[in-house]
Amino acid sequence: MTMEIDRPSVEERNQRYKPGSIKRVKLKNFLTYDDVEFFPGPRLNVVVGPNGTGKSTILCAICLGLGGQPPLLGRADDARLFIKHEKDQAIIEIELAPHHPGGKTHTLKRVIERDRGSENGNGKGASTYYVNGTKTPLKSVKELVTEDYHINIDNLCTFLPQDKVGNFSGFDKQALLLETEKSLSSALYDTHQQLIKLEKELQSSGNDVKATEDKLKTLKKQNERLEREKELMEERQELLERIDLLNKKRAWLLFDTKRAEAVEAKEKREELKKQKREAERSVRPIQEAHAEMEGKVVQIQTTSKALDVKVKRERKNYEDFLAKMENHSDGIEREVSEYQSIDAQHRRNVKELERERRRLQEVEAEGDAYPSMEDTERTIAECAQEIRQIKSEMDRKKRAINDLKRQIDEAKETKNSTSERLKKINNEKQQRLQRMFKFAAVKNAYDFIQENRKEFRRPVHGPIAAEVQPKNALYASYIENHVSQATWKSFVVECQEDYNYLYREIRQKRKIPINIILVPNGKLETVSRMYSDQKLSVLKREHGFIEYLDETFTAIDPIMQALIGRHNIDKVLVGGDAVQEALDRRDLQTYICTKENGNGYVAACFFYTYRNEMKKRTVNISRYTGRIGVDKQDVAQAKVLQSGTDPREKERLAQIINDANETIERLTPEIDNLNEEHVKLHQQGQPISLRSKEAKRTKSDYLNYKSKLKNQRSKVADAEERANSDNAEEKSKRIRKIKKMIEACIKCGEDAAKAHSEMMKTIRVSTGVKMSEHGLSESLRKLTDKLSEAQAASAELVSQYKEAEAEYNQKKEILRKLLKKAEDIAPKDEWAERLDADDMPTSMEAVDEAIDDAESKVNSITDNPHVMRQYEERKKEIEELQAKLDTEGGEKDLKKKQLENKFTKWESKLMNIVNQVNGKFSTYMKEVGCAGEIRLYKGGNEARENEEEENLRYNFKDWGVEIMVKFREASTLQVLSAQTHSGGERSVSTIMYLMGLQNLMTSPFRCVDEINQGLDERNERLVFKRIVNNSTMPVEEGAAPNDHCGQYFLITPKLLPNLEGMENEEITVLFVFSGAFNFDNCLDWNVDKFIADKKRILSQRTEVDMGNNRGKKRRSQ
């Protein structure tokens, strides 16, 4: 029979949640979780599970889901590192309890995407935030979390993750007071900061000239050139990024402005379209009347035009006859003139004949100077034959030269390409270094080291990724998977002095987050192998292993020692496909973990291949059960490292280069010899070529002479023909032609008179028609004017409509281009949150002004980044200090009064809190057999008045809280510190202090991760009892169900058996399972049924034991 557990209903449970406490957490692809959802209780939540199953992941999810950033967890700097391996996206969803039962519930969701955000950044751009399903800026999420619900995930008093547990006990008293104030009241912390500021202002308000001079000297020392130059360059870069962001903002503002203009243009177009239609309807009646009158006018105009055409045709006939008569008259005069010039032309022809005959004699005399053409032709043929022979030999030499040059060019090309390839292979370190420079921290650290090499005592190596040379791509993937990203970015030094110098300059001064590894003297320590030679031989022979991971690459000793010290690469095995066969036989895992003396197990890690896939298997041994646990992982291809190059490939390439050099050296003398022979042939052919050219020129001149002689003889013949022509016949022809032209002229005069008479008749008829046309045209004109006015109004509207439509289309096209441009430079879904941030201007004028201002600053920095800026700033500060010295002392008195008023209230409240915490802390420490006090440290001395300066000295910045503890009877109270007390002692003190603060804190929930590590069994039981008592304290009578100290998360890998208080209904236990026998669904686990079954079994055992006892008693009687 199943026993039912009496638990509160869902409604009663919901009423117990304090506003802002966590009701539900859902994770997808987050670190170790594929998909999980759990529901914390309103009071104490104990998260239990073996190491590595994902307990601390829950705290990571709470921190990141509420808007926190990875550095708060101390695990990583980039939120994308929390995405599950080989997944592209992680989702965190957290539901917070509302301010009032039944009120509005806020569900916060954070989506982290691997492909978003800067590759070199910290992944800020990779996250998208939602509140109740609505996309929300991170700033609004933080305001909701911190201001509305008073959740402080950045305060170690309320949120203590595993990787920050040691930080708490490492606080000095000043930091502890500040963290305590922030966890209790923001007003208390703000007042403290105001007091520090007021005291600092009072101390600096004196009029001691010496102090001012000292300050000026200090400023001069601090204002060093190189430091200022760096700051200016950083400022310039920030301004450039700001300008880029403002330009993105400007693109979207311009789009919004043009969109409003486009909407306005569209409305204008629609209004004009309506007016245009109304105007077109009013024009139709006028158009009909105008068309009727226009038809009549057209008809009479047609008649008038026909008569005009007839008049024009008859006038043309008349004018044509007159023109013909004039042409005949001109022709008669011209023929008479020609008749009179016949005798003069004959005399000119005779003189021309005499000139041409003299020129012919001169040309014939030139022919006597030319040699015989047969000899010339013979000379040309002989030279051509000799030149052909020489040219053929020269061509043969040239072909041989070109062939040898081609062979040399091919050898040079082979040499150059091979040399370039060999150079790339030899320069793998530089390539890997360039890939690491994508991380700004690595680039900045590397540049600093290179610039300051002389400052180091011994060599500095790194980043480590650039110093490692894997044997092949497979091994590169293994090494990169096993070694952390942080180590690849690390630098290695060889002495403590270099470590201190680099840490101070890089980490402290420049805030560059890189790791520094110290390898004393750069020596590689003797490697202590995990397996004996005999066992390793068996692993290689029977299980397919090849070598250790540190044997798969080469590196200098300091780098090798750093990797061994950090990641135990000397204890990791590498194998092939045979490893999977050994695993399938189920004997490898046990064999590889069994100590060689047979006394227990040891953890192991190894890589292997299976079906062309790379695998990694880590075998862990549970600290509590001693059982073997296995973590399987697929290995991705290397990104940081590239595959190494086979030395044989380098030798092959070097041999190719050597062969090419030998070919070049062998062929070069042959080309030189052929070139000399080619030059000799060219010199041999030059005289022959000159003789051939001279003969050809003589032949060409002779042919030109023959052509010239022929032309001159033709001119003489033409001149003789003209001089011997008959003049009497020519005169007779001219007289006959003149008679014919006179007769034609008389005939044209008679035809012109007839045409003129017909033209005048037609003109009289046309005049009558035109008078009728004028009356109709006047009526048409009036209708036309009326129609024109109506059409003009309509046309104006049509024009306005077209202009409006064109303007709208133009604005729409501009708007489309602006939207594309804005989306190209700043996609809205990626940049909306940043562009709508409070620090961004909201108008074009403000953006332009901000851009101009930023560009002005950039230009000013570029133009004079050193002397003038330093001088002006120093001069300005000196003037400010001088002005400050001249101010009246009334301001000082006012600040002193303000300080005293604030101090009285703050000190009273702080003392009250310290006294309350001290009382509880002392009591709690007594419960565990120790002693403890909480003291308020007041800066080293009481407030006193300085008679010389008349300043009150409180030293508010030095005020702090001291945790005084005593763990042994013979000792005295000492301040808790990591140097004096053990880990267990610090854990007890820390949890008791947090318990003392619990009821005073404003945060709705608190989280502590593995605070019980290092405690012995007795203290662990007492500490757990105290946590249970404080976290489950009953609500006062009459108070609301959620009027309690709040929600509490305790993360622990184990719980001792038979702990007191575990039956309390205010405790919620969250089990984290991982392994081969896990539930398919987390909802399959029923806590109530498990407890009922357990009680039933215990009850049955009790009854059996009682029956056995009664039987023993009867037998004894």
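Everything quoted here is computed from the prediction, not taken from an experiment. Residue positions are counted from 1 within each chain, in the order its sequence is given. This being a predicted model, a pLDDT of at least 70 is required before a residue's local features are given, and a value of 80 or more before pairs of side-chain atoms are given or counted; all residues contribute to the totals for chains, interfaces and linings. To get the side-chain values, all heavy atoms of the structure are used, and hydrogens and water are removed first.

**What about the overall build of the protein chain?**
Right, so step 1: Across its full length, the protein chain carries 28 helices and 25 strands.
Right, so step 2: Only protein chains enter the accessibility calculation, which uses a 1.4 Å probe; a residue is then buried when its area is under 20% of its type maximum, exposed when over 50%, and partly exposed in between. Out of the 1117 residues belonging to the protein chain, those deemed buried represent 38%.
Right, so step 3: Whether two residues touch is decided by their heavy atoms; if any such pair falls within 4.5 Å, the residues are in contact. Taking the intrachain contacts of the protein chain between residues at least 6 apart in sequence as the baseline, contacts between residues at least 24 apart amount to 77%. Labels follow the DSSP assignment, with helices taken as runs of H or I lasting at least four residues and strands as runs of E lasting at least two, numbered in each case from the N terminus.

**Focus on the sheet that holds strand β8 (residues 159-160)**
Right, so step 1: The pairing criterion is simple: DSSP has to find at least two bridges between the two strands. Spatially, five strands are ordered β8-β23-β24-β3-β25 in an open sheet, and the strand pairing comes out parallel. Looking along the sheet, the strands with just one partner apiece sit at the ends: β8 and β25 (1067-1071).
Right, so step 2: Summarising the sheet, strand β3 (residues 44-48) and strand β24 (residues 1047-1052) pair through five bridges and their orientation is parallel. Bridged to Asn45 within β24 is Phe1049.

**A word on the confidence of the model for the protein chain**
Low pLDDT marks stretches whose predicted atomic positions should not be read closely.
Right, so step 1: In this model, the protein chain carries an average pLDDT of 80, and 86% of its residues clear a pLDDT of 70 or more.
Right, so step 2: For every residue, the predictor reports its confidence as pLDDT, a number between 0 and 100. When pLDDT is averaged over each element of the protein chain, strand β10 (residues 491-493) comes out on top at 95 and strand β19 (residues 944-945) at the bottom at 44.
Right, so step 3: The low-confidence segment residues 943-951 (pLDDT under 50) makes 14 contacts with residues lying over four places distant or belonging to another chain.
Right, so step 4: In the predicted structure, residues 1113-1117 sits below a pLDDT of 50 and forms zero contacts with residues beyond four places in sequence or in another chain.

**What about the packing of helix α12 (residues 440-451) against helix α15 (residues 496-509)?**
Right, so step 1: Packing of α12 against α15 leaves a shortest axis separation of 11 Å and a crossing angle of 130 degrees. Considered as vectors, α12 and α15 are oriented oblique to each other. At the point where α12 passes α15, the crossing takes the right-handed sense. Where α12 abuts α15, its residues Ala445, Phe448 and Ile449 lie against Tyr501, Leu502, Glu505 and Ile506.
Right, so step 2: Put simply, Ala, Val, Leu, Ile, Met, Phe, Trp, Tyr, Cys and Pro go in the nonpolar bin, Asp, Glu, Lys and Arg in the charged bin, and everything else, Gly too, in the polar bin. Classifying every residue of the contact of α12 with α15 by side-chain character gives six nonpolar, no polar and one charged. All axes here are fitted lines through C-alpha atoms, helices being fitted over the stretch that makes contact, and every angle between N-to-C directions spans 0 to 180 degrees. An angle below 35 degrees is read as roughly parallel, one above 145 as roughly antiparallel, one from 65 to 115 as roughly perpendicular, and any other as oblique. The hand of a helix crossing depends on one turn: near helix anticlockwise from the far one by less than a right angle means left-handed, and clockwise means right-handed.

**Points about the pairing of strand β5 (residues 106-113)**
Along a regular strand, successive side chains alternate from one face of the sheet to the other.
Right, so step 1: Of all eight residues in β5, six are buried; the element is thus mostly enclosed.
Right, so step 2: Relative to β5, strand β4 (residues 89-96) runs antiparallel, the two being bridged by eight bridges. Bridging across to β5, Ile92 finds its partner in Arg110.
Right, so step 3: Where β5 lies against strand β6 (residues 127-131), five bridges are found, and the strand directions are antiparallel. The residue bridging Ile112 from the neighbouring strand is Ser127, located in β6.

**Focus on the side chain of Arg617**
Right, so step 1: Mapping Arg617 onto the fold places it in strand β16 (residues 613-621).
Right, so step 2: In summary, the charge assignment counts Lys and Arg as positive and Asp and Glu as negative, without counting His or the chain termini. A carboxyl oxygen of Asp or Glu within 4 Å of a side-chain nitrogen of Lys or Arg is what we treat as a salt bridge. Within the buried set, Arg617 has no salt-bridge partner at all; the shortest N-O distance to an opposite charge, 6.8 Å, is to Asp584.
Right, so step 3: A distance of 2.7 Å separates polar atoms of two side chains, one belonging to Arg617 and the other to Gln589.
Right, so step 4: The contacts of Arg617, once residues within four sequence positions are left out, are Leu583, Gln589, Ala604, Cys605, Phe606, Tyr608, Val630, Asp631 and Lys632. For this analysis, a polar contact is any N or O atom pair within 3.5 Å, provided that within protein one partner can donate a hydrogen and the other can accept it, and provided that sequence-adjacent residues contribute only side-chain to side-chain pairs.

**Quick look at the nonpolar core**
Right, so step 1: Take the buried Ala, Val, Leu, Ile, Met, Phe, Trp, Tyr and Cys residues and link them wherever side-chain atoms come within 4.5 Å; each set so joined is a nonpolar core. The biggest cluster of nonpolar side chains holds 55 residues, and the ones touching the most others in it are Met992 and Tyr993.
Right, so step 2: With ten residues, helix α25 (residues 890-927) is the largest single contributor of residues to this core.
Right, so step 3: With sequence-adjacent residues up to four places away left out, Met992 is seen in contact with Phe921, Tyr924, Met925, Val928, Val1023 and Arg1026.
Right, so step 4: Counting residues in each nonpolar core, the second largest holds 49 residues, with Phe437, Ala466, Ala562 and Ile569 among its members.

**Brief notes about unusual backbone geometry**
Right, so step 1: The omega torsion across Gly462 and Pro463 is 0 degrees, close enough to zero to call that bond cis.
Right, so step 2: By secondary structure assignment, the location of Pro463 is in the loop between α12 and β9 (469-470).
Right, so step 3: Of note in this structure, His150 is not a glycine but carries a positive phi near 55 degrees.
Right, so step 4: For His150, the location among the structural elements is in the loop between α3 (138-148) and β8.
Right, so step 5: When its relative accessible area of 42% is taken as the criterion, His150 is described as partly exposed.
Right, so step 6: One non-glycine residue, Asn521, lies in positive phi territory at about 60 degrees.

**Here we look at the environment of Glu326**
Right, so step 1: Looking at the element boundaries, Glu326 is found in helix α8 (residues 225-340).
Right, so step 2: Sequence-wise, Glu326 and Gly749 are 423 residues apart; in three dimensions their C-alpha atoms are separated by 9.5 Å.

**Some words on helix α5 (residues 173-184)**
Right, so step 1: Expected helix span is taken as 1.5 Å per residue step, with the number of steps being one fewer than the number of residues. The end-to-end C-alpha separation of α5 is 16 Å, in line with the 16 Å expected for twelve residues at 1.5 Å each.
Right, so step 2: Taken residue by residue, α5 has Gln174, Leu176, Leu177, Glu179, Thr180, Glu181, Ser183 and Leu184 as its buried positions.

**As for the side chain of Asn152**
Right, so step 1: Tracing the backbone shows Asn152 in the loop between α3 and β8.
Right, so step 2: Among all residues touching Asn152, those that are not within four sequence positions of it are Thr158, Phe159, Lys182, Ser183, Thr1002 and Ser1003.

**Regarding the packing of aromatic side chains**
Right, so step 1: Think of it this way: a Phe, Tyr or Trp ring, Trp meaning its six-membered ring, pairs with another when their centres are within 6.5 Å, and the plane angle makes it stacked under 30 degrees, edge-to-face over 60, tilted otherwise. This model, assessed by the stated rule, comprises 15 aromatic pairs.
Right, so step 2: Between Phe545 and Phe606, the aromatic rings sit 5.4 Å apart at their centres with planes inclined by 85 degrees, giving edge-to-face as the arrangement. One end of the pair, Phe545, is in strand β12 (residues 545-548); the other, Phe606, is in strand β15 (residues 604-610), with 61 residues separating them in the sequence. Here the two residues Phe545 and Phe606 agree in accessibility, since each one is buried.
Right, so step 3: On the basis of an interplanar angle of 80 degrees and a centroid distance of 5.9 Å, the ring pair of Trp906 and Phe956 is categorised as edge-to-face.

**Thoughts on the sheet that holds β12**
Right, so step 1: Read from one edge of the open sheet, five strands run β12-β14-β15-β16-β17, paired in mixed fashion. In this open sheet, the two strands that pair with only one neighbour each are β12 and β17 (628-634). Going from strand to strand, the sheet's axes swing by 25 degrees on average, the running direction of each strand aside.
Right, so step 2: When β16 meets β17, the two strands line up antiparallel, connected through seven bridges. Across the sheet, Lys615 pairs through a bridge with Asp634, a residue of β17.

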